[in-house]
Amino acid sequence: MITVDTVSKRFGEYTALDAVSLEVPEGSLTALLGPSGSGKSTLLRIIGGLELPDAGVIRIDGEDVTKVPPQRRGIGFVFQHYAAFRHMTVRDNVAFGLTVRKQPKARIEARTSELLGIVGLAGYAERYPNQLSGGQRQRMALARALAVEPRVLLLDEPFGALDAKVRAELREWLRRLHEEVEVTTLLVTHDQEEAMSIADRIAVMDNARIEQVGGPRELYDRPANPFVAGFLGAVSQLGDRLVRPHDILIETDALDGGLEAQVQRVVHLGFEVRVELMLTDGAEVSAQLTRQTVDELELAHGDIVWLHAAPTTVLPDAGPDAAATVDPGPEVAGERAA
């Protein structure tokens, strides 16, 4: 388990972390998610010993490691741009940590072969890093970090430099790898989809603080504040309420509590349809519907409709400055967005 206890860090006049506390359960894969400048990479570096906090304590498995050097913390690191030894083969890169620790040769060979098999590089052991694709190099980096059997694995935007298709493939691979090796893992990312798809728990950060910690579904369905709601997925504002686009109900008949809107555009996106609307006060709203629902409603540009928030909506209020409200309307069969 990693315990972060009221850690603060400043760089000159800039506050990177402001009394941050966090617990990362043993064996979990936890994501630090937030926009650039939110403090997530600084927190990761402090946990790893690459930076010292101005205040607060870092514990790993109950041991105070706040001032312990990185090499004595039992931590494996993987960064976005991993500095592999170009003159070494893939096998020798993975074995490096064991070699410098003067492990027995048989142990090094067995552990290296095991990890190359786990990360899918058994057939690339004698190649050099420049002969691998970007995704393969990151697999090698993960194998190298795991070779010394770290207590904690720290990943700082490990897939950020890869193209979208490779990133998606490596997300799924990392999830399966974590289930197999079960090492406590902390992943820094600004990619909501990445965090939601592979992490057990997510700590959402903004302005040097942690806004909320929880499972992906909990954070998406029950965000603590408007920032978390908006950062974890699209939201539309109906009056002073925040509503997910798929929780907006569209009705063609006026009902009490609904907000009048005009259809501006109907965009077909394969299995779903985005309906762009404008409220009477000029505010723009986006709803997400199924193709069947749009066909049943026969929506077209210029149509006047009425909007309700689905009764299950539990997002926080947008704030006191919004002018109008919309009450949850009846859930009519076939009219709820998917």
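Here the structure is shown first, and the text comes after it.
So, here is what we can say about the structure in this document. Residue numbers restart at each chain and count upward from 1, following the sequence in its written direction. Where totals are concerned, whole chains, interfaces and linings use all residues; where local detail is concerned, this predicted model gives features only for residues with pLDDT of at least 70, and gives and counts side-chain atom pairs only at 80 or more. Side-chain numbers here rest on the full set of heavy atoms in the structure, without hydrogens or water.

### Examining the overall build of the chain
Here is step 1 of the chain: Secondary structure elements are taken from DSSP: a helix is a run of H or I of four residues or more, a strand is a run of E of two residues or more, and numbering for both begins at the N terminus. Across its full length, the chain carries 9 helices and 17 strands.
Here is step 2 of the chain: Summarising its shape, the C-alpha atoms of the chain cover approximately 80 × 45 × 30 Å along the three principal directions.
Here is step 3 of the chain: Residues are treated as being in contact if the distance between any of their heavy atoms lies within 4.5 Å. Here the contacts in the chain between residues at least 6 apart in sequence split such that 65% fall between residues at least 24 apart.
Here is step 4 of the chain: Areas reported here follow the Shrake-Rupley algorithm with a probe of radius 1.4 Å; residue values treat only the protein chains shown as occluding. When the accessible surface of the chain is summed, it comes to about 16,000 Å², and 48% of that surface belongs to carbon and sulfur atoms.
Here is step 5 of the chain: His residues and chain termini do not enter the charge count, which takes Lys and Arg as positive and Asp and Glu as negative. Every charge is mapped onto a representative atom, which is NZ of Lys, CZ of Arg, CG of Asp or CD of Glu. Counting 35 positive and 50 negative side-chain charges, the chain places the centres of these two groups 14 Å from one another.

### Brief notes about helix H3 (residues 105-118)
Here is step 1 of the chain: Given the number of residues in a helix, its expected span is that number minus one, multiplied by 1.5 Å. Its 14 residues give H3 an end-to-end C-alpha distance of 20 Å, which sits within 8% of 20 Å, the value for a rise of 1.5 Å per residue.
Here is step 2 of the chain: Residues of H3 that are buried include every one of Ile-108, Arg-111, Thr-112, Leu-115 and Leu-116, and no others. Buried residues of H3 fall within an arc of 130 degrees about the axis and therefore sit on the same side.
Here is step 3 of the chain: Buried residues in H3 make contact with helix H2 (90-100) and helix H4 (134-147).
Here is step 4 of the chain: Following H3 by one or two positions, Gly-120 adopts a phi angle in the positive range, close to 75 degrees. Relative accessibility under 20% of the residue-type maximum defines a buried residue, over 50% an exposed one, and the middle range a partly exposed one, all with a 1.4 Å probe and only protein chains included. To obtain the arc, one takes the directions from the helix axis to the C-beta atoms.

### Some words on the pattern of salt bridges
Here is step 1 of the chain: Any Lys or Arg side-chain nitrogen found within 4 Å of a carboxyl oxygen on Asp or Glu counts as a salt bridge. Counted according to the given criterion, the structure contains 18 salt bridges.
Here is step 2 of the chain: Arg-59 is the partner of Asp-5 in a salt bridge, and the nearest nitrogen-oxygen pair spans 3.7 Å. Residue Asp-5 is located in strand S1 (residues 2-11), and its partner Arg-59 is located in strand S4 (residues 55-60); the two are separated by 54 residues in the primary sequence.
Here is step 3 of the chain: When its relative accessible area of 30% is taken as the criterion, Arg-59 is described as partly exposed.
Here is step 4 of the chain: Residue Lys-9 is joined to Asp-54 by a salt bridge in which the shortest nitrogen-to-oxygen separation is 3.9 Å. Here Asp-54 lies in the loop between helix H1 (40-48) and S4 and Lys-9 lies in strand S1, a separation of 45 residues in the sequence.
Here is step 5 of the chain: Residues participating in the shared-partner salt-bridge network are Arg-171, Asp-191, Glu-193 and Glu-194.

### Examining the layout of surface pockets
Here is step 1 of the chain: In this structure, the largest pocket encloses a volume near 500 Å³.
Here is step 2 of the chain: Contributing to the lining of the largest pocket are 21 residues, with Ile-75, Gly-76, Phe-77, Arg-101 and Val-148 lying nearest its centre.
Here is step 3 of the chain: Residue assignment for the lining of the largest pocket shows that the elements contributing at least two residues are strand S6 (75-79), H2 and H4.
Here is step 4 of the chain: Looking at the lining of the largest pocket element by element, the count peaks at 4 residues for S6.
Here is step 5 of the chain: Side-chain classes are defined by residue name, with Ala, Val, Leu, Ile, Met, Phe, Trp, Tyr, Cys and Pro counting as nonpolar, Asp, Glu, Lys and Arg as charged, and the others, Gly among them, as polar. Among the residues making up the lining of the largest pocket, the classes are represented as 13 nonpolar, 4 polar and 4 charged. A 1.4 Å probe that fits into a set of points on a 1 Å grid over the protein atoms alone but cannot get out defines a cavity; an open set with protein on both sides within 12 Å along at least five of seven lines defines a pocket, and lining residues are those with an atom within 4 Å of a point. Grid points are joined across faces, edges and corners, and a volume is the space filled by probe spheres set on the points.

### Some remarks on the sheet that holds S6
Here is step 1 of the chain: Pairing is mixed in the open sheet, where 6 strands are placed in the order S6-S7-S8-S3-S9-S10. Two strands lie at the open edges of the sheet, namely S6 and strand S10 (209-214), each paired on one side alone. Neighbour-to-neighbour, the strand axes of the sheet open up by a mean angle of 15 degrees, direction not taken into account.
Here is step 2 of the chain: Across 5 bridges, the pairing between strand S3 (residues 29-33) and strand S8 (residues 184-189) is parallel. By the bridge assignment for S8, Leu-32 is matched with Val-188. Pairing between two strands is assigned when DSSP locates at least 2 bridges connecting them. Every angle, taken between N-to-C directions, lies between 0 and 180 degrees, and every axis is a line fitted to C-alpha atoms, over only the stretch in contact when it is a helix.

### As for the sheet that holds S1
Here is step 1 of the chain: Across the sheet, 4 strands lie side by side as S2-S1-S4-S5; this open sheet has antiparallel pairing. Taken across any chain shown, the strands that pair with only one partner, and hence form the sheet edges, are strand S2 (14-24) and strand S5 (63-64).
Here is step 2 of the chain: For S4 and S5, the ladder comprises 2 bridges, and the chain directions are antiparallel. Across the sheet, Arg-59 pairs through a bridge with Asp-64, a residue of S5.
Here is step 3 of the chain: Relative to S1, H1 is tilted by about 120 degrees, and along the sheet it contacts S1, S2 and S4.

### Re the packing of H2 against H3
Here is step 1 of the chain: As a packed pair, H2 and H3 sit with axes 9 Å apart at the nearest point and diverge in direction by 130 degrees. Put simply, H2 runs oblique to H3. For the pair H2 and H3, the sense of crossing is right-handed. Within the contact between the two elements, H2 uses Val-90, Arg-91, Val-94, Ala-95, Leu-98 and Thr-99 and H3 uses Ile-108, Glu-109, Arg-111, Thr-112, Ser-113, Leu-115 and Leu-116.
Here is step 2 of the chain: Of the residues contributing to the contact of H2 with H3, the split by class is 7 nonpolar, 3 polar and 3 charged. The labels follow the angle: roughly parallel below 35 degrees, roughly antiparallel above 145, roughly perpendicular from 65 to 115, and oblique for the rest. Each crossing gets its hand from how the near helix is turned against the far one by less than a right angle, where anticlockwise is left-handed and clockwise is right-handed.

### Re the environment of Leu-29
Here is step 1 of the chain: Here Leu-29 is to be found in strand S3.
Here is step 2 of the chain: For the pair Leu-29 and His-178, spaced 149 residues apart in the sequence, the C-alpha separation amounts to 7.5 Å.
Here is step 3 of the chain: Apart from residues no more than four positions distant in its own chain, Leu-29 is found in contact with Arg-175, His-178, Thr-185, Leu-187, Ile-198, Ala-199, Asp-200 and Arg-201.

### With respect to the nonpolar core
Here is step 1 of the chain: Throughout this description, the term nonpolar core refers to a set of buried Ala, Val, Leu, Ile, Met, Phe, Trp, Tyr and Cys residues connected via side-chain atoms within 4.5 Å. Counting 41 residues, the largest nonpolar core has Leu-153, Leu-174 and Ile-202 as its most contacted members.
Here is step 2 of the chain: Once you skip the residues sitting within four places of it in the chain, Leu-153 turns out to touch Gly-76, Val-78, Leu-142, Ala-145, Leu-146, Val-183, Thr-184, Thr-185 and Leu-186.
Here is step 3 of the chain: If you look at the next biggest cluster of nonpolar residues, it comprises 24 residues, including Val-20, Leu-32, Phe-77 and Ala-203.

### As for H1
Here is step 1 of the chain: With respect to burial, H1 is a largely interior element, 7 of its 9 residues being buried.
Here is step 2 of the chain: Residues of H1 that are buried include every one of Lys-40, Thr-42, Leu-43, Leu-44, Ile-46, Ile-47 and Gly-48, and no others.
Here is step 3 of the chain: Once H1 ends, the next one or two residues include Gly-49, with phi positive near 85 degrees.

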